[in-house]
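In case you want the letters, here they are:
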Amino acid sequence: MRLTTFTDYTIRVLIFLALDRERLATAGELATRYGISHNHLTKVVHYLGQQGYIETLRGKGGGIRLALSPEVINIGTLIRQSEQNSNLVECFNAETSQCRISPACRLAGVLGEAQEAFFQVLEKYTLADLTSNADALDILLSDPV
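All residue numbers here refer to positions counted from 1 along the written sequence of the relevant chain. Reporting in this predicted model follows two pLDDT cut-offs: at least 70 for local features of residues, and 80 or more for side-chain atom pairs to be given and counted; totals over whole chains, interfaces and linings ignore these cut-offs and use all residues. Note: side-chain values were computed over all heavy atoms of the structure, leaving out hydrogens and water.

Undergrad: Would you mind going over the packing of helix α1 (residues 5–19) against helix α4 (residues 75–82) with me for this structure?
TA: Helix-helix packing is characterised by the crossing angle of the two axes and by the distance between the axes. Axes here refer to lines fitted to C-alpha atoms; in helices the fit is confined to the stretch in contact. Angles between the N-to-C directions go from 0 to 180 degrees. Numbered from the N terminus, helices here are DSSP runs of H or I no shorter than four residues, and strands are runs of E no shorter than two. The N-to-C vectors of α1 and α4 enclose an angle of 140°; their axes lie 9 Å apart at closest approach. In terms of axis orientation, α1 runs oblique to α4. Regarding α1 and α4, the two cross each other, and that crossing is right-handed. Contact residues: α1 offers F6, T7, T10, I11 and L14, while α4 offers L78, I79 and S82. For the contact of α1 with α4, the per-class residue count stands at five nonpolar, three polar and no charged. Here the angle decides the label: under 35 degrees means roughly parallel, over 145 means roughly antiparallel, 65 to 115 means roughly perpendicular, and every other value means oblique. Left-handed is the label given to a crossing in which the near helix is rotated counterclockwise from the far helix by less than a right angle, and right-handed is the label when the rotation is clockwise. Contacts: residue pairs with any heavy atoms within 4.5 Å of one another. When residue character is reported, Ala, Val, Leu, Ile, Met, Phe, Trp, Tyr, Cys and Pro are called nonpolar, Asp, Glu, Lys and Arg charged, and the others, Gly included, polar.

Here it is in structure tokens:
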């Protein structure tokens with residue numbers, strides 16, 4: 001399974017914010033540190049704020065920070081939420097599927113089972129697990145790309 005860029009950036013934002021829970025960061029800073037699109041990150045930050053993963057403080061001196069402890073942010077749940085509109089294959093969406101063999105095809109069931117196993121593995125991990133090597137991550141993210 002391949003994750004969307006949106007989900008990739010969602011995880012990256014949370015990793016960065018988990019490294020220093022007290023400090024306020026900005027989407028611009030994150031874009032610079034990771035060398036990725038500021039526009040994409042703005043959408044990710046908005047989504048994470050809506051979902052309650054981060055706090056956003058507006059105005060001069062504002063920024064973003066984690067709203068939850070890294071120990072309670074489950075990676076599998078996070079990815080399920082951010083990937084909920086991404087179908088592994090066309091026939092996963094019965095309303096728009098154009099596949100002629102869908103009524104007799106067994107592939108969808110096999111792929112659905114594999115996708116569920118993928119999520120179950122991810123659900124064993126939290127954001128704290130992804131940032132347990134904080135020193136190494138800090139070094140890599142300290143200088144802009």
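Undergrad: Got a minute to help me understand the layout of surface pockets in this structure?
TA: Regions of empty space are outlined by a rolling probe, equal in size to a water molecule, passed over the atoms. Throughout, the protein atoms alone are placed on a 1 Å grid, and a set of points is a cavity if a 1.4 Å probe fits but cannot get out or a pocket if it is open with protein on both sides within 12 Å along at least five of seven lines; lining residues have an atom within 4 Å of a point. Grid points are joined across faces, edges and corners, and a volume is the space filled by probe spheres set on the points. Of the pockets and cavities examined, the largest pocket occupies roughly 260 Å³. Taken together, A25, T26, A27, T42, V45, H46, T56, L57, R58, G62, G63 and I64 form the lining of the largest pocket. Those elements giving two or more residues to the lining of the largest pocket turn out to be α3 (38–50), β1 (54–57) and β2 (63–66). Ranked by residue count, the leading element in the lining of the largest pocket is α3, at three residues.

Undergrad: What should I look at first to understand the packing of α1 against helix α2 (residues 27–34) in this one?
TA: Their axes nearest at 11 Å, the elements α1 and α2 cross at an angle of 100°. One element, α1, and the other, α2, form an angle in the roughly perpendicular class. Where α1 abuts α2, its residues R12, V13, I15 and F16 lie against E29, L30, R33 and Y34. Grouping the constituent residues of the contact of α1 with α2 by class yields five nonpolar, no polar and three charged.

Undergrad: Mind showing me how you'd approach a negative patch on the surface here?
TA: In this scheme, patches are assembled from residues that exceed 30% relative accessible area and form no salt bridge. Like charges are connected within 9 Å, while nonpolar side chains (Val, Leu, Ile, Met, Phe, Trp, Tyr) are connected within 5 Å. Computed by Shrake-Rupley with a 1.4 Å probe, the accessible areas treat only the displayed protein chains as cover when residues are assessed. We define a salt bridge as a side-chain nitrogen of Lys or Arg found within 4 Å of a carboxyl oxygen belonging to Asp or Glu. Neither His nor the chain ends is counted toward charge; the positive residues are Lys and Arg and the negative residues Asp and Glu. To locate a charge, take atom NZ for lysine, CZ for arginine, CG for aspartate or CD for glutamate. A cluster of acidic side chains, namely D20, E22, D135 and D138, defines a negative patch on the protein surface. With respect to the helices and strands, the residue D135 is situated in helix α7 (residues 134–142). Among the residues examined, D135 registers a relative accessible area of 62% and is labelled exposed. Exposure categories follow from relative accessible area, calculated using a 1.4 Å probe and restricted to protein chains: below 20% of the type maximum is buried, above 50% is exposed, and the middle band is partly exposed.

Undergrad: Sorry, what's going on with the pairing of β1 here?
TA: Remember that side chains alternate between the two faces of the sheet whenever the strand is regular. At least two bridges found by DSSP between two strands are what make those strands a pair. Taken together, the four bridges between β1 and β2 define a ladder with antiparallel strand orientation. Looking at β2, one finds that L57 is bridged to G63. Adjacent in sequence and paired antiparallel, β1 and β2 are bridged by five residues, among which G59 carries a positive phi angle near 90°.

Undergrad: I tried to follow the packing of aromatic side chains on my own but got confused; where do I start?
TA: Aromatic ring pairs are defined here through the distance separating the ring centres and the angle between the ring planes. Centres within 6.5 Å are what make two rings of Phe, Tyr or Trp a pair, Trp counting through its six-membered ring; a difference in plane orientation under 30 degrees is then read as stacked, over 60 as edge-to-face, and the rest as tilted. Per the counting criterion, the structure on display carries two aromatic pairs. Plain terms: the ring middles of F6 and Y47 are 5.2 Å apart, the flat faces sit at 75° to each other, and that makes the pair edge-to-face. You can see F6 sitting in helix α1 and its partner Y47 sitting in helix α3, a full 41 residues away along the chain. Overall, Y47 belongs to the buried group, its relative accessible area being 13%. Taking the centre distance of 5.6 Å and the plane angle of 65° together, the rings of F118 and F119 count as edge-to-face.

Undergrad: I keep staring at the pattern of salt bridges and nothing clicks. Help me out?
TA: Pairing between side chains of opposite charge can happen when their charged atoms approach one another. Within this structure, the stated rule accounts for six salt bridges. Where R23 meets E29, a salt bridge forms, and the shortest distance between an N and an O atom there is 2.1 Å. On the accessibility criterion, E29 (15% relative accessible area) is buried. One salt bridge connects R65 with E55, and the closest N-O pair in it is separated by 3.1 Å. Taken together, the residues span a long stretch of sequence, with R65 in strand β2 and E55 in strand β1 at a distance of ten residues. What makes R65 partly exposed here is its relative accessible area of 23%. On the accessibility criterion, E55 (33% relative accessible area) is partly exposed. Bridged by salt links that share partners, the residues R23, E29 and R33 form one connected network.

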